[in-house]
Amino acid sequence: MALLSVTDLEVKFFTRRATVHAVRGVSFDLEPGQTLGIVGESGCGKSVTSLAMLGILPRAGRVTGGEVRFEGHNLLELRDARLRDVRGKDIAMVFQDPMTSLNPSLKIGRQITEVLTKHLKMDKDSSEREAVELLGRVGIPNARDRLDDYPHQFSGGMRQRVMIAMAIACHPKILIADEPTTALDVTIQAQILDLLRRLVEEEGMALILITHDLGVVAGVCERTNVMYAGRFVETAPTGELFARPRHPYTLGLLKSVPRLDAARKEKLDPIGGAPPELSLESPGCSFAPRCAYATQESRERIPELRALDTKDHLVACWNPVPDEDLPTRVSDEWAAG
Amino acid sequence: MSIAEAEAAQISLERPSGLWRDALDRFRRNPGALVGVFLIVVFIVAALFAPAIAPFDPQKQVGPLATNPQGPSEGYLLGLDEQGRDLFSRIVFGARLSLLVGLVSVLVGLTFGLVFGALAGYLGGWVDFTIMRVMDLMLSIPGLLLAIGLVSILGRGLFQIMLAVGIIQVPIFARLLRGSILGQKEADYVLAARSVGVPGRKILLVHILPNSIAPLIVQGTLAMATAIIEVAALSFVGLGPRDPRFPEWGTILAENANRLQESAHLVLFPGLAIVLCALGINLIGDGLREAIDPKLKS
Amino acid sequence: MNKGTGSLVEVEDLNVHFPIRHGVVISRYIGDVRAVDGVSFDIKRGETLGLVGESGCGKTTTGRAILRLVEPTSGRILFEGNDIAQMPRKDLRRMRRRMQMVFQDPYSSLNPRQNVANIVAEPLRVHGIAEGREAEKRVRELLEVVGLPKDSQNRYPHEFSGGQRQRIGLARSLALNPDLIVADEPVSALDVSIQAQIINLLEELQDTFDLTYLFIAHDLAVVRHISDRVAVMYLGKIMEIAPSAHLYERPLHPYTKALLSAVPIPDPKVERTRERILLRGDLPSSVDPPGGCRFHTRCPWAQRERCPDEVPELRVLDSGHLGACHYAEDIEAGRITTRTLDDAVVVAS
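Residue numbers here run from 1 along each chain, matching the order of that chain's written sequence. Going through the entries in the order they are written, you letter the chains from A and number the ligands from 1. With pLDDT at 70 or above as the cut-off, local features in this predicted model cover only qualifying residues; side-chain atom pairs require 80 or more to be listed or tallied, and sums for whole chains, interfaces and linings still use all residues.

Attention now goes to the overall build of chain A. We count a stretch as a helix when DSSP gives it H or I for four or more residues in a row; a strand needs E for two or more, and each element gets its number in order from the N terminus. Helices and strands together make up the secondary structure of chain A, namely 13 helices and twelve strands. Taken against the 2.2 N^0.38 rule, which gives 20 Å for 337 residues, the C-alpha radius of gyration of chain A at 21 Å falls within 12% of a compact globule. Referenced to the eigenvectors of the C-alpha coordinate spread, the extents of chain A come out at roughly 65 × 50 × 40 Å. Taking the intrachain contacts of chain A between residues at least 6 apart in sequence as the baseline, contacts between residues at least 24 apart amount to 65%. For this measure, only C-alpha atoms enter the radius of gyration; the expected value for a globule follows 2.2 Å times N^0.38, where N is the number of residues. Here, residues touch in the contact sense if the C-beta positions derived from the backbone fall within 7 Å of one another.

In structure tokens form, the structure reads like this:
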């Protein structure tokens, strides 16, 4: 039985100008200890999905359909108090910008012990000891002294480590990391991703990693879901997804991103046009206007996720990418050279 | 067709919309702002058409002298004062004075505030330091006291009062503009203008100022409300405009303050006029702020 | 691509230091932020030189110093042989026509109160090149070249998307027919699928107009794709310069090796098997940088001899390949390996 089961989640934002359909029927399962990546560009709804699951949508947002089953309960139906118990304890979240997610006027030590005293009912001394240990686990030197520091006294990478420490404090079953390294320098990003990989293994927790960076999911996630305009368009084990990107959008993303290990070639293959307005409902596939494989049916009927190639590789497309158009494995050339 | 042309064809832009048009739209949809506009329009009409609207001459005695003047009654919409003058007419004519004072003093404050703020913000260095210290000094004295001081020096003519009330507004505007300018000075588009070779003067006028003005527009509106109240306050302490031809709301209030028990109408209605006028302006100011606030644009 | 052999820009020992003052009433001078600390390189006519590095390395400041948008503290910047670092303002204005800049943030690099026509025509008017009708015509041409629809002229920046705004910025930078364009992170703020469009456009424009680019970025994959040569900066100094392919396939400086190994590659097989060099700790402050080799505090190969006290000079390690490391050859030959006890960790997973 899956640890987390999301079915047909729908989220809308109600603004004066228009109603934005940010998430349009998203479903997925998460097994214990599994690392799942949700990849997509800005505005595709990937962050909103996780915020909706935990009941922390911004004011204008509302869940208009679906359910999120966790440990026998539908999280969407839980009352605030119960949800707050889950949030931070069983399901923890790490955000992109640690400066705004940490309280700038409270010492770090206080912010961590708060989590421990509230959720695990620890007393002051134990929580402090635990806090020191946590900071040590996430690689912050001189942990004891640093408990008395404020967020602004830490660098970006260090702050992110603190956030991660707070997130794993209660040994959550699921850790959701929303663009955790986007704002960080490349070498710091590598450190943080390595830390996440290590902690996921140590804690045996499941990880949902939300990002726009294909390289990041390639290195961290067992399974990857590709999101476009509020829906999952493809989901597969990561290796399978990169080897056989059957959805034209996935293929397009892979072809348009310059790779570090690729020999310098001619033009990149960008996806023409721009992502659609989420305030409009299109009758057919949202990607059709930009798709080289689109047909009349694509424009009229929204495709559902169906299994292709293997039973755990699902694609939502009427005309998936044929074999001859799949990318050749650059890695083979690289490995040889 | 080149790739560029193909991409150009794919871009569909909506109806052209200027920044001001968007702001106007937002303003129009704000119920508070509309109420404010309604209120102010009422007062403006009253001020402009005072002779036509007021049933009596505000200076003439039209009713009996009384120590206990009658309140709203037959023929006298808001009642009479103890000199037998029609209160409604006096209030209507008073609108002229209040609105005039509000407008002129804010113009004075804005003009000087703009100049000082621009110099301080753009030039920086000791110019900035000196100007800001002077502004700090002015701000450290409560507005009304400063106004009283200025009026004592300048005199009680209408113009002097407007000047005084205007001067106490200067530091707020100067600070606002300076802050705005400092913010814009480092913006990329200013850097871009420099890299193109645009001369400093032009950068200030064409690039920085237009983008720094918005907060001043809002503050200017709100300052009008403050000015009206300041003048009323000045009148209340006896330093209001001396011209008996124009009954200033504050003066009316002051004259009758001790009659609250018996002739409440003489205190209530001028007070209400002041409040509603200031309220209207504040509502408009808030509406403007929400309409112009760039955070609302994504 | 027309690549002449001459250098268009030569930077010699450029220093840009920002003084730090402390105190409210009386400010004391306490030190400098040494954003650019002794940097020398050249940009050949017609080429694209990539300048990469992480935050605080000084790449943006270097780009701005070349355009004299920040004042160099010392050093020479030769543009076609003329030293612009000390040039008086008057002459500088004329030089500005030859070099332009494209900025990172499409939302703040355009004046929100100017319409597109004014934004693009301003350079023409300021330098007296074109007015009125003439300017309008030129604006239309430029908009077409960057792929914007004709009716964009009367619209305002907020009506356009990020990618489109970058195109407007490009049109503006091309207005004066410059020789050099300094592109400061031109695609970092854009979505992945839009990045590719703009990168292609940049390459097209370079061909069409014989442009020379200084391409400043932190995304190493993008830089590799577009650059002929690449320079790597760390804490205000250049660590390595080499032709693109050489740098990426055979990096000789420890920092470059670590940097390259940190970049995620969209290929699970590669990610799982590649060798990672993880650096410990954070970037040191540029106010008080480490003595000797700046990188020695985090370098996996740092030695006790020379590294902590001797600043390595940027020297020739191979044809066209320069690096600032005392032990580059030893590391490459395998005579020095990473220290496994403390400091950095090499993980092969």
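A separate point is the sheet that holds strand E4 (residues 61–70) of chain A. Pairing is antiparallel in the open sheet, where four strands are placed in the order E2-E1-E4-E5 (chain A). What marks the edges here is a single partner per strand, and that holds for strand E2 (19–30) and strand E5 (73–74) of chain A. A pair of strands is considered paired only if DSSP assigns at least 2 bridges between the two.

On to the pairing of strand E10 (residues 231–237) of chain A, then. Residue and element names in this part refer to chain A. Residue burial is a threshold on neighbouring C-beta atoms within 10 Å of the residue's own C-beta, all placed from the backbone, with 20 or more meaning buried, 12 or fewer meaning exposed, and counts in between meaning partly exposed. Of all seven residues making up E10, six are buried, and the element is well covered by its neighbours. The pairing of strand E9 (residues 223–228) with E10 spans six bridges and is antiparallel. The residue of E10 that forms the bridge with Asn-225 is Thr-235. Where E9 hands over to E10, the hairpin turn is made up of two residues, of which Ala-229 adopts a positive phi near 45 degrees. Across two bridges, the pairing between E10 and strand E12 (residues 310–315) is antiparallel. The partner of Glu-234 across the bridge, within E12, is Val-315.

Residue and element names in this part refer to chain C. Taken in spatial order, the four strands of this open sheet run E2-E1-E4-E5, and their pairing is antiparallel. Across the chains shown, the open sheet's two edge strands, defined by having one partner strand only, are strand E2 (28–44) and strand E5 (82–83). For helices, the axis comes from a line fit to the C-alpha atoms of the stretch in contact; other axes are also lines fit to C-alpha atoms, and the angle between any two N-to-C directions lies between 0 and 180 degrees. Here helix H1 (residues 59–66) sits on the sheet and contacts strand E1 (7–22), E2 and strand E4 (74–79); the angle it forms with E1, its principal contact strand, is near 115 degrees.

Within the secondary structure, Gly-72 of chain A sits in the loop between E4 and E5. Considering only alpha carbons, one finds Gly-72 of chain A and Leu-195 of chain A, 123 residues apart in sequence, at a separation of 31 Å.

What follows deals with the nonpolar core. Nonpolar side chains in soluble globular proteins tend to end up buried together. Of all hydrophobic cores here, the largest spans 281 residues; its most connected members are Ile-228 of chain B together with Leu-214 of chain C. With 16 residues, the top contributor of residues to this core is helix H5 (residues 87–123) of chain B. Note that domain bounds follow an automatic or database assignment of domains. The two domains that each donate at least three residues to this core are domain 1 (4–221) and domain 2 (228–260 + 268–336) of chain A. Not counting residues up to four positions away in its chain, the partners in contact with Leu-214 of chain C are Ile-43, Leu-49, Leu-51, Gly-63, Ile-66, Leu-180, Val-182 and Ala-183 of chain C. What we call a nonpolar core is a set of buried Ala, Val, Leu, Ile, Met, Phe, Trp, Tyr and Cys residues whose membership is set by joining through C-beta atoms within 7 Å.

Here we take up the pairing of strand E8 (residues 206–211) of chain A. All names here are of chain A. Most of E8 sits inside the fold, with six of its six residues counted as buried. Here E8 shows two buried faces, one formed by Ala-206, Ile-208 and Ile-210 and the other by Leu-207, Leu-209 and Thr-211. Pairing geometry for strand E3 (residues 35–39) and E8, over five bridges, is parallel. Across the sheet, Ile-38 pairs through a bridge with Ile-210, a residue of E8. Two elements, strand E7 (residues 174–178) and E8, share five bridges in a ladder whose sense is parallel. Among the inter-strand pairings, Asp-178 is bridged to a residue of E8, identified as Ile-210. Here a crossover is taken to be right-handed if, once the strands point away from the viewer, the path from the first strand over the helix to the second is traced clockwise. Since E7 and E8 lie parallel, the crossover through helix H8 (residues 186–203) that links them has a hand, and here it is right-handed.

Bear in mind that shape data such as this cannot, by itself, settle questions of function.
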